[in-house]
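Remarks on the overall topology
What follows is the residue order along each chain.
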Amino acid sequence: MKIKATFGAAALSLVAGAAMAADDVTLQLKWVTQAQFAGYYVALEKGFYGEEDLNVTIKPGGPDIAPTQVLAGGGADVTVEWMPAALAAREKGLPMVNIAQPFKSSGMMLTCRKDAGVETTEDFPGKTLGVWFFGNEFPFLSWMSQLEIPTDGSDAGVEVLKQGFNVDPILNGQAACVSTMTYNEYWQVIDAGLSPDDLTVFKYEDNGVATLEDGLYVLEENLTDPAFEDKMVRFVRASMKGWKYAEENPDEAAEIVLEYDETGAQTEKHQKRMMGEVAKLTAGSNGALLPADYERTVQSLLSGGSDPVISAAPEGAWTHQITDKALGGS
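We now turn to the structure provided with this report. Only a predicted model underlies this, so the values are computations on that prediction, with no experimental measurement involved. (Residues numbered from 1 in each chain as written. Predicted model: local features only at pLDDT ≥ 70, side-chain atom pairs only at ≥ 80, totals over all residues. Heavy atoms only, no water.)

**Concerning unusual backbone geometry**
- Of note, the phi angle at Asp53 is positive, near 55°, even though the residue is not glycine.
- Considering the arrangement of structural elements, one finds Asp53 in the loop between α3 (48–51) and β2 (54–59).
- Of the residues examined, Asp53 reaches a relative accessible area of 41% and is grouped as partly exposed.
- A positive phi is found at Glu148, a non-glycine position, where the angle reads about 60°.
- Relative to the helices and strands, Glu148 resides in the loop between α6 (138–147) and β7 (159–162).
- Residue class for Glu148 comes out exposed when judged on its relative accessible area of 71%. (Helix = DSSP H or I, 4+ residues; strand = E, 2+ residues; numbered from the N terminus. Buried < 20%, exposed > 50% of the residue type's maximum accessible area, 1.4 Å probe, protein only.)

So, in structure tokens, the structure goes:
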């Protein structure tokens, strides 16, 4: 009888252990470890994922990592991506679906030198403008199209410089303007010695051509799996808890990000400043995508000149399937 009782206790212990085993989720970031992704690191560090019985692995991105390809290859369950790249991938056959939108506002800007003769959009013709590509150029092309400014380098148009992931062209006089984010590259320009008074800044949001950034995307087919859906509901709920904590505690959030930066490349000053700016972009979002913001993005991408990023308005590119359950607490 004693042996049976011992065996029974062991069996119960195994069953309990199996029931308590956390579900694995792999998140692929769009870029390197920095405060742009603070909400996810906060959720990990503060145990918000653990509270949802999740074992989350966060994979940093970089210049040689395409989040869409990682997702397509099964290297991640969910990825952070900008909507232009996600919709372009969807049209090319990769059925990515936006399941949550932590970023409400766009941080994309064109930062210009006043001494290069740029103070209004009317000063653009004849100038060289630095533009990020790899899907990030489409808001710019849409903007130029709306301004009726050619991007062919003609006297009446602008010369487009394919900008790398730095701000060197505006510092060395190669370009009058460069692409910057409110939370990152703009401050690189300032740290390089230029003052805000030296610069003219054009926010894409203010010019009506902002596209959605830093949404959470999964493969459409996975949403038909109830177990996967349940994992994503818990993941989004914990992630948004992390984001709201980061908004309210920006300095602590920046310090958490620094702890997870294995490269040692990030500095406390830059990350705290970045977190302060990122908090402005996530403010106002509870994680659910607003259809009006989606429609604005689609229209921006459809009007990107003679070669738009997408040829037709997509269908099924986003869903409230996850956020309805995650934010409802069910």
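Still more ground to cover, so stick around.
**Some points on the nonpolar core**
- Counting residues in each nonpolar core, the largest one holds 66 residues, and the members touching the most others are Tyr40, Phe124, Leu216, Phe235 and Met275.
- Looking at which element gives the most residues to this core, the answer is helix α9 (residues 226–248), with nine residues.
- The contacts of Leu216, once residues within four sequence positions are left out, are Leu27, Tyr40, Val78, Thr79, Val80, Val97, Asn98, Ile99, Ala100, Pro102, Phe235 and Val236.
- In this structure, Met83, Ala88, Leu219 and Tyr294 belong to the second largest nonpolar core, which totals 19 residues. (Core = buried A, V, L, I, M, F, W, Y, C linked by side-chain atoms within 4.5 Å. Contact = heavy atoms within 4.5 Å.)

**Thoughts on the sheet that holds strand β10 (residues 215–219)**
- Taken in spatial order, the five strands of this open sheet run β2-β1-β3-β10-β4, and their pairing is mixed. Of all the strands in the sheet, just β2 and β4 (96–100) have a single pairing partner and so form its edges. Strand-to-strand twist across the sheet, computed as the mean angle between neighbouring axes with direction ignored, equals 35°.
- Pairing analysis gives two bridges linking strand β1 (residues 23–28) to strand β3 (residues 78–81), with the strands arranged parallel. Counterpart to Leu27 in the pairing with β3 is Val78.
- Across the face of the sheet, helix α2 (residues 38–45) comes into contact with β1, β2, β3 and β10 while running at roughly 140° to β2.
- α9 contacts β1, β2, β3, β4 and β10 of the sheet and is inclined by roughly 65° relative to β1. (Pairing = 2+ DSSP bridges. Axes fitted to C-alpha atoms, helices over the stretch in contact; angles between N-to-C directions.)

**Regarding the state of the cysteines**
- Scanning all chains against the criterion turns up one disulfide.
- Across a sulfur-sulfur distance of 2.2 Å, Cys112 and Cys177 are joined as a disulfide pair. Handedness of the Cys112-Cys177 disulfide follows from its S-S torsion of about 105°: it is right-handed. Of this pair, Cys112 sits in strand β5 (residues 108–113) while Cys177 sits in strand β8 (residues 177–181); the two residues are 65 residues apart in sequence, bridging distant segments of the chain. Neither residue differs from the other here; Cys112 and Cys177 are each classed as buried. (Disulfide = S-S within 2.5 Å.)

**Some remarks on the side chain of His270**
- Among the secondary structure elements, His270 is positioned in helix α11 (residues 268–282).
- In terms of polar contacts, His270 uses its side chain to reach the side chain of Asn184, at 3.0 Å.
- When residues no more than four places from it in sequence are discounted, the contact partners of His270 are Tyr183, Asn184 and Trp187. (Polar contact = N/O pair within 3.5 Å; in protein donor to acceptor, adjacent residues only side chain to side chain.)

**What to know about the side chain of Gln101**
- Residue placement: Gln101 occurs in the loop between β4 and β5.
- Since its relative accessible area comes to 3%, Gln101 is described here as buried.
- A distance of 2.6 Å separates a polar atom in the side chain of Gln101 from the backbone oxygen of Glu213.
- Those residues in contact with Gln101 that lie beyond four places of it in its chain are Leu212, Glu213, Asp214, Gly215, Ser285, Gly287 and Leu289.

**What to know about the environment of Phe140**
- Mapped onto the elements, Phe140 comes out in helix α6.
- Beyond its immediate chain neighbours, meaning those up to four positions away, Phe140 contacts Leu129, Val131, Thr151, Val158, Val160 and Tyr204.

**Section: the pattern of salt bridges**
- Enumeration over the complete set of coordinates arrives at 16 salt bridges.
- Between Glu247 and Lys244 there is a salt bridge; the shortest N-O distance is 2.7 Å. Here the residue Glu247 and the residue Lys244 both occupy positions in helix α9, the gap between them amounting to three residues, near one helical turn.
- Look at Lys244 and you get partly exposed, because its relative accessible area is 25%.
- With a closest N to O distance of 3.2 Å, Lys272 and Glu255 form a salt bridge. Taken together, the positions of Lys272 in helix α11 and Glu255 in helix α10 (residues 250–260) put the pair 17 residues apart, joining distant regions of the chain.
- Its relative accessible area of 24% is what places Lys272 among the partly exposed residues.
- Note on Glu255: relative accessible area 35%, which makes it partly exposed. (Salt bridge = Lys/Arg side-chain N within 4 Å of Asp/Glu carboxyl O.)

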